[in-house]
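Here's the letter readout for the chains.
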There are 2 protein chains.
Amino acid sequence: MSDYGQKFDEYYRAVEEALPAFLPQGDTPQKTVQEAMAYSLLGGGKRIRAVLCLAFCELCGGTREAAMPFACAIEMVHAYSLIHDDLPCMDDDDLRRGKPSCHIQYGEALAVLAGDGLLTLGFETILSQYYTGKYPPQVIARAGAELAAAIGTAGMIGGQVMDIEHEGKPISAGDLNILHSMKTGALIRASARMGCVVAGAPDDVIARADKYAKNIGIAFQITDDILDVTSTEEKLGKPVESDRQMGKTTYATLYGVEKSRQIVKDLVLEADLSIKGSVLDDPFLYRLADQLAQRDC
Amino acid sequence: MSDYGQKFDEYYRAVEEALPAFLPQGDTPQKTVQEAMAYSLLGGGKRIRAVLCLAFCELCGGTREAAMPFACAIEMVHAYSLIHDDLPCMDDDDLRRGKPSCHIQYGEALAVLAGDGLLTLGFETILSQYYTGKYPPQVIARAGAELAAAIGTAGMIGGQVMDIEHEGKPISAGDLNILHSMKTGALIRASARMGCVVAGAPDDVIARADKYAKNIGIAFQITDDILDVTSTEEKLGKPVESDRQMGKTTYATLYGVEKSRQIVKDLVLEADLSIKGSVLDDPFLYRLADQLAQRDC
C-alpha cells in the first residue's frame with residue numbers, strides 16, 4: 001500500500017472506530033430509532049468528509065483526536081441527508097450502498113425520524129464538547145456555525161430542492177454547477193474548513209482549504225455522474241444509469257464522458273494550485289485529489 | 001388587559017416582529033422551500049416557548065433583545081417538529097392551526113425539506129451569533145448544546161418515536177409521562193434554561209427554571225389532551241377527538257377529564273413552588289402557569 005493509501009486507511013479506521021461511541025445507546029423506549037440511525041451511519045461509506053476534516057486539522061497543527069467529534073458530526077449530517085434523499089417522496093431509492101435504504105428497512109416514519117435524529121446528533125456532538133472543557137468555546141461556536149451554514153437552504157438543502165425541482169427537466173450548465181456546489185460542495189468545503197477551525201488556523205489558510213475542497217467537491221460530483229454511466233451496479237452498490245432513467249441532466253449527459261473527464265482533470269489542477277507553497281502543501285492532499293477523480297466506485 | 005396580558009402580548013409581538021428577519025429571503029433557486037418554511041414558521045402559534053426564553057432571560061438580568069435569536073431558534077425547531085409530525089407517514093394531519101398543513105400546501109418533498117431547513121436554521125441562528133461578537137462564545141455553545149440535547153433521541157425525537165409506536169396500543173401512565181416529558185417537555189424546559197444561559201445565570205437558578213418549566217410543560221400537555229375532548233374544532237383550529245379516533249391513550253382517556261384537571265392544578269402548584277423566594281419569583285411566571293392550565297384553545 002502506498003504512503004497515501006496507508007494514511008487514508010488510518011484516518012478511515014479511526015473514524016470507523018470513533019463513530020459508534022457517539023451514537024445513543026441503551027434499552028430505551030426510543031431504541032428503534034437509534035437502531036435506524038446506527039444502520040445508516042455505520043453502514044459503510046468512504047468517509048471522505050471526515051478524512052478531510054482530520055487531515056486539514058493535522059496539517060494546520062492540530063491533532064486527529066481533537067478533530068474527531070467534528071469529523072464524526074459531519075458524517076452524521078451526511079448520513080441524514082442520504083436517508084431523507086432516499087425517501088419515497090424524494091428520489092425514492094430502495095438501495096443504498098448495496099443494502100436496503102433506511103425507509104425500506106425501518107419504514108418511512110422511522111426513516112424521517114432517524115434522519116432528523118442524525119442531523120440533531122451532529123450538532124449535539126459538536127456543541128456538547130462545551131461540557132468537556134477541551135476546546136476554546138469560540139472553536140465550538142465557529143465550527144458549528146460553519147456546519148450549519150453549509151447544510152441549510154443556501155447549501156445542502158437548497159441543492160436538494162433544486163435537484164427535485166429539475167427532475168425530468170433540462171438544466172443549464174450554470175444551474176447544474178450551482179446545484180452541485182450547494183448539494184454536495186458546501187458540506188465538503190465545510191469539512192475542510194472545520195478541520196482548520198479546530199486547529200485554530202488563520203483565515204488565509206481556511207480560504208486555501210476552502211478553495212481546494214471546492215474544486216475537489218465538483219470533481220467528485222462529476223466523477224459520480226461519469227460512474228453512473230460507466231460503472232456497474234455491483235461496483236457502485238446502487239443501480240447504474242439511474243440519473244438517465246430519472247431524466248436528470250448530469251455533467252455526463254451535458255458534456256459527454258470524455259469532456260467531463262477533462263473538466264475533472266482541470267479541477268484537480270485548480271485544487272493543487274490552491275494549496276501550493278502553503279502549510280497545506282502536502283503529498284496527502286495532492287494524492288487525495290487525484291484519487292477522488294480516478295476512483296471507480 | 002391585565003399586567004400579565006400586556007406583558008405576554010409585548011413578548012409575543014416582539015417575537016412575531018423578529019422572526020421574519022431570521023428567515024432566508026430573496027429570489028434564489030431554493031425559494032420554494034423558503035416559502036414553505038415561512039408558511040409554517042409564521043403561520044401563527046402561541047409562541048409560548050419563545051416567551052419563556054425571553055422572560056427567563058429578563059428575570060435573570062439579561063435583555064429581551066439578547067435572548068431574541070435564541071427564542072426565535074426555538075420557534076423554528078418547534079415549527080420543524082410540527083411539519084414532520086403532520087407528514088402522511090407520521091400523524092397524517094391535513095390541518096394545522098386551521099390551515100392546510102405544510103405537506104398539503106407544498107407537497108411532501110418540500111415539507112420534509114422545509115422541516116429539515118427550519119431545524120438547521122434554528123442551529124444556524126444561534127451559532128451565527130458567533131460572528132456578531134455580541135455574546136461570549138461559551139453562551140452560544142452552551143445554549144446550542146441545551147437545545148440539541150432537548151430535541152434529540154433522548155428528547156423530542158424520542159418522544160415522537162414512542163408516540164407513533166404506541167399508536168392504537170395501550171400505554172401505562174408511567175410511559176405516558178415519559179412520552180410527554182420527551183416529546184414536548186424537553187423543548188419547553190430548554191426554552192426556559194436557554195433564557196437563563198443567555199443572561200449568564202448561575203446553575204441553581206437554571207435548576208429552578210428547569211423545574212418550573214418541567215411542571216408547566218406536563219400541565220400544558222394534559223390541558224391539550226383535555227381540550228381534545230372538551231373543545232371545538234373552531235376554537236382549536238384542528239379536529240377535536242382526534243386522539244380518541246387515532247386510538248391514542250391520553251391523560252384524558254387514562255384519568256378522565258376531572259382527575260386530569262386536578263393533576264394540572266397540582267403541577268401548577270409545583271411550578272410555583274420551584275420559583276418562590278428566588279430571583280425568578282415574579283408575578284408574570286405565576287400567571288403564565290395559571291393561564292397555560294386554564295386556556296381554552
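Residues numbered from 1 in each chain as written. Chains lettered and ligands numbered in written order. Predicted model: local features only at pLDDT ≥ 70, side-chain atom pairs only at ≥ 80, totals over all residues. Heavy atoms only, no water.

1. Here we look at the overall build of chain A
Condition: Counting from the N terminus, the helices are the DSSP runs of H or I reaching at least four residues and the strands are the DSSP runs of E reaching at least two. Every radius of gyration here is taken over C-alpha atoms, with the globule rule written as 2.2 Å times N^0.38, N being the number of residues. Residue exposure (1.4 Å probe, protein chains only): buried if accessible area is under 20% of the type maximum, exposed if over 50%, otherwise partly exposed.
A count of helices and strands for chain A gives 15 helices and two strands. The C-alpha atoms of chain A give 18 Å as radius of gyration, which agrees with the globular expectation for 297 residues (19 Å, within 12%). Each of the three principal axes of chain A carries a C-alpha extent, and together these read 55 × 50 × 40 Å. The buried share among the 297 residues of chain A stands at 57%.

2. Describing the interface of chain B and chain A
To keep things clear, this is the line we draw: Every residue pair with non-hydrogen atoms within 4.5 Å of one another is taken to be in contact. Buried surface area refers to the total accessible area, computed with a probe of radius 1.4 Å, that the two partners give up upon joining, counted for both partners together. A carboxyl oxygen of Asp or Glu within 4 Å of a side-chain nitrogen of Lys or Arg is what we treat as a salt bridge. Under this definition, polar contacts are N or O atom pairs within 3.5 Å; protein pairs additionally need one hydrogen-donor-capable and one acceptor-capable atom, and for neighbouring residues in sequence, both atoms have to be side-chain atoms. Side-chain classes follow a simple rule in which Ala, Val, Leu, Ile, Met, Phe, Trp, Tyr, Cys and Pro form the nonpolar group, Asp, Glu, Lys and Arg form the charged group, and the remainder, Gly included, forms the polar group.
With 50 residues of chain B at the interface, the matching set in chain A holds 50 residues. Where chain B abuts chain A, roughly 4,000 Å² becomes buried across the two surfaces, and 75% of that area is made up of carbon and sulfur atoms. Counting the contacts that link chain B with chain A gives zero salt bridges. Seen at the junction of chain B and chain A, the total is six residue pairs in polar contact (both at pLDDT 80 or more). Where the side of chain B that touches chain A is concerned, the elements lending two or more residues are helix H2 (31-41), helix H4 (64-86), helix H6 (108-127), helix H7 (137-151), helix H8 (156-165) and helix H9 (173-198) of chain B. It is H6(B) that contributes the most residues to the side of chain B that touches chain A, twelve residues altogether. Across the side of chain B that touches chain A, the residue classes tally to 31 nonpolar, 13 polar and six charged.

3. Section: the relation of the copies chain B and chain A
Put simply, the two copies of the chain differ by a rotation about an axis and a shift along that axis. Here is the rule: The least-squares superposition of copies is restricted to C-alpha atoms, and to residues with a pLDDT of at least 70 in both copies.
Superposition record for chain B on chain A: RMSD 0.0 Å, screw rotation 180°, translation along axis 0.0 Å. Taken together, the rotation angle and the small translation identify this as a two-fold axis. Interface overlap between copies is the fraction of interface residues in one copy that are interface residues in the other; for chain B against chain A it reaches 100%, indicating a shared surface.

4. Here we look at the nonpolar core
The test is simple: Buried residues of nine kinds, namely Ala, Val, Leu, Ile, Met, Phe, Trp, Tyr and Cys, make up a nonpolar core once their side-chain atoms join them within 4.5 Å.
In terms of nonpolar packing, the biggest core is built from 209 residues, with Tyr212(A) and Tyr212(B) touching the most fellow members. Setting aside its immediate chain neighbours within four residues, Tyr212(A) contacts Leu52(A), Phe56(A), Ala271(A), Ser274(A), Ile275(A), Leu285(A), Leu288(A) and Ala289(A).

5. Considerations on unusual backbone geometry
With a phi angle near 55°, Arg97(A) is a residue other than glycine that sits in the positive phi range. Tracing the chain through its elements places Arg97(A) in the loop between strand S1 (95-96) and strand S2 (99-100). Positive phi outside glycine occurs at Arg47(B), with the angle close to 60°. Of note, Arg47(B) is situated in the loop between H2 and helix H3 (48-59). Arg47(B) gets classed as buried once you look at its relative accessible area, which sits at 4%.

6. Quick word on the side chain of Ser101(A)
Positionally, Ser101(A) belongs in the loop between S2 and helix H5 (102-106). Here Ser101(A) is in contact with Tyr39(A), Asp86(A), Asp93(A), Asp94(A), Leu95(A) and Arg96(A), once residues within four sequence places are set aside.

7. Details of the packing of helix H10 (residues 203-230) of chain A against helix H14 (residues 257-275) of chain A
Residue and element names in this part refer to chain A. Note the threshold: To obtain each axis, a line is fitted to C-alpha atoms, and for helices this fit is confined to the stretch in contact; angles are then taken between N-to-C directions over 0 to 180 degrees. Oblique is the label for any angle not under 35 degrees, not over 145, and not in the 65 to 115 range, which are roughly parallel, roughly antiparallel and roughly perpendicular in turn. Crossing handedness follows the turn of the near helix against the far one: under a right angle anticlockwise gives a left-handed crossing, and clockwise gives a right-handed one.
Contact geometry of H10 with H14 gives a least axis separation of 8 Å together with a crossing angle of 160°. Judged by the inter-axis angle, H10 sits roughly antiparallel to H14. Here the hand of the crossing between H10 and H14 comes out left-handed. Within the contact between the two elements, H10 uses Arg208, Lys211, Tyr212, Asn215, Ile216, Ile218, Ala219, Ile222, Thr223, Ile226, Val229 and Thr230 and H14 uses Val257, Ser260, Arg261, Ile263, Val264, Leu267, Glu270, Ala271, Ser274 and Ile275.

8. Description of the packing of aromatic side chains
We apply this condition: Aromatic pairs are defined between Phe, Tyr and Trp rings, using the six-membered ring for Trp, whenever the two ring centres lie within 6.5 Å; interplanar angles under 30 degrees are classed as stacked, those over 60 as edge-to-face, and all others as tilted. Distance and angle both matter: a charge sits over a ring if NZ of Lys or CZ of Arg is within 6 Å of the ring centre and within 35 degrees of the ring normal.
Considering all chains together, one arrives at 17 aromatic pairs over all chains under this definition. With 6.2 Å between their ring centres and 20° between their planes, Tyr251(A) and Tyr255(A) make a pair best called stacked. Separated by four residues within a single helix, Tyr251(A) and Tyr255(A) lie in helix H13 (residues 251-255), roughly one turn from each other. What makes Tyr251(A) buried here is its relative accessible area of 3%. With centroids separated by 6.1 Å and ring planes inclined at 45°, the aromatic side chains of Tyr4(B) and Phe8(B) adopt a geometry described as tilted. Highlighted residues: Tyr4(B) and Phe8(B), both in helix H1 (residues 3-22), separated by four residues, approximately one helical turn. We note that Tyr4(B), like Phe8(B), is buried. Positioned above the aromatic ring of Tyr39(B), the side-chain terminus of Lys99(B) is 4.3 Å from the ring centre. Over the face of the ring belonging to Phe220(B) we find Arg295(B), whose NZ or CZ atom lies 3.9 Å from the ring centre.

9. Focus: the pattern of salt bridges
Throughout the structure, instances matching the rule amount to 30 salt bridges over all chains. The shortest N-O distance in the salt bridge between Glu258(A) and Arg261(A) comes to 3.3 Å. With Glu258(A) and Arg261(A) both in helix H14, this residue pair falls three residues apart, about one helical turn. The exposed category is assigned to Glu258(A), whose relative accessible area is 56%. Salt bridges sharing partners connect three or more residues here, namely Arg142(B), Glu146(B), Arg189(B), Arg193(B), Asp203(B) and Asp210(B).

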